[in-house]
Amino acid sequence: MNKTGIALVAALAAGVFATEAAAQSGVYVGAAAATQGRSVEDAQWGGTATVGYRVNRFLAVEALGDFTAQTETQRGGQAVFANVTAGYPLGPVVPYILVGAGYGFNALAGADNEPQALWNAGVGVAYNLSANWQVDARYRRVEAFSGDVTADRVTLGLNYRF
């Protein structure tokens, strides 16, 4: 086998081991840019911060903080969630679903501006860049249990696994 062939096999093996290591249990943190709105002109921007624990290669639990900036026509808001994610690793790609509950404040609060209970559900796909770094894109539907607040959130961010 020539040097190019050996280098190719070594690179592929390193990718397999990095993917396998990334699928193991452990703590991770993440940050993402977030948006919601029906068009670019109507978009309301914000971000999320996540601390999670991967129980095994298929299941994780996470705490998520969500922030939406105020615009000229829309109030900003904050929310905190406890989520469960279930995914299925396909090499370095991990499609997943999530569901959780939390509380919303300010724009995500009720009509009387009191914090209110929220639920969220969504889908996402993560891509393992290495054993520690992961790109994460997700869509979440956020609603109040009372039904008076709804938001469709799209995020793109990075996770770091310890």
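The following refers to the structure shown. (Residues numbered from 1 in each chain as written. Predicted model: local features only at pLDDT ≥ 70, side-chain atom pairs only at ≥ 80, totals over all residues. Heavy atoms only, no water.)

Turning next to the nonpolar core. Counting eight residues, the largest nonpolar core is built from Leu64, Ala79, Phe81, Leu118, Val142, Ala144, Val149 and Ala151. Mapped by element, the contributors of at least two residues to this core are strand 4 (77–87) and strand 7 (133–144). (Core = buried A, V, L, I, M, F, W, Y, C linked by side-chain atoms within 4.5 Å. Buried < 20%, exposed > 50% of the residue type's maximum accessible area, 1.4 Å probe, protein only. Helix = DSSP H or I, 4+ residues; strand = E, 2+ residues; numbered from the N terminus.)

Unoccupied space between atoms shows up once a probe the size of one water molecule is rolled over them. Evaluated as defined, the whole model comprises four cavities of 30 Å³ or more. When its volume is computed, the largest cavity comes out at roughly 120 Å³. Considering the residues around the largest cavity, the lining is formed by 15 residues, among which Tyr28, Arg54, Thr85, Tyr96 and Gln134 are closest to the centre. Within the residue set of the lining of the largest cavity, elements represented by two or more residues are strand 4, strand 5 (93–106), strand 7 and strand 8 (150–161). Counted by class, the lining of the largest cavity contains six nonpolar, four polar and five charged residues. Taken as a whole, the second largest cavity spans an internal volume of roughly 80 Å³. (1 Å grid on protein atoms, 1.4 Å probe; cavity = no way out; pocket = protein on both sides within 12 Å on 5 of 7 lines; lining within 4 Å. Points joined across faces, edges and corners; volume = space filled by probe spheres on them. Nonpolar A, V, L, I, M, F, W, Y, C, P; charged D, E, K, R; others polar.)

For the rest of this paragraph, the subject is the pattern of salt bridges. On inspection of all chains with the given rule, the structure shows six salt bridges. Aspartate 66 serves as the salt-bridge partner of arginine 140, at 3.1 Å between the closest nitrogen and oxygen. Of the two residues, arginine 140 sits in strand 7 while aspartate 66 sits in strand 3 (residues 59–68), which places them 74 residues apart along the sequence. Note on accessibility: arginine 140 and aspartate 66 belong to one class, buried. Aspartate 66 is paired through a salt bridge with arginine 153; the nearest N and O atoms lie 2.4 Å apart. One end of the pair, aspartate 66, is in strand 3; the other, arginine 153, is in strand 8, and 87 residues separate them in sequence. (Salt bridge = Lys/Arg side-chain N within 4 Å of Asp/Glu carboxyl O.)

By themselves, these observations are geometric and do not establish any function.
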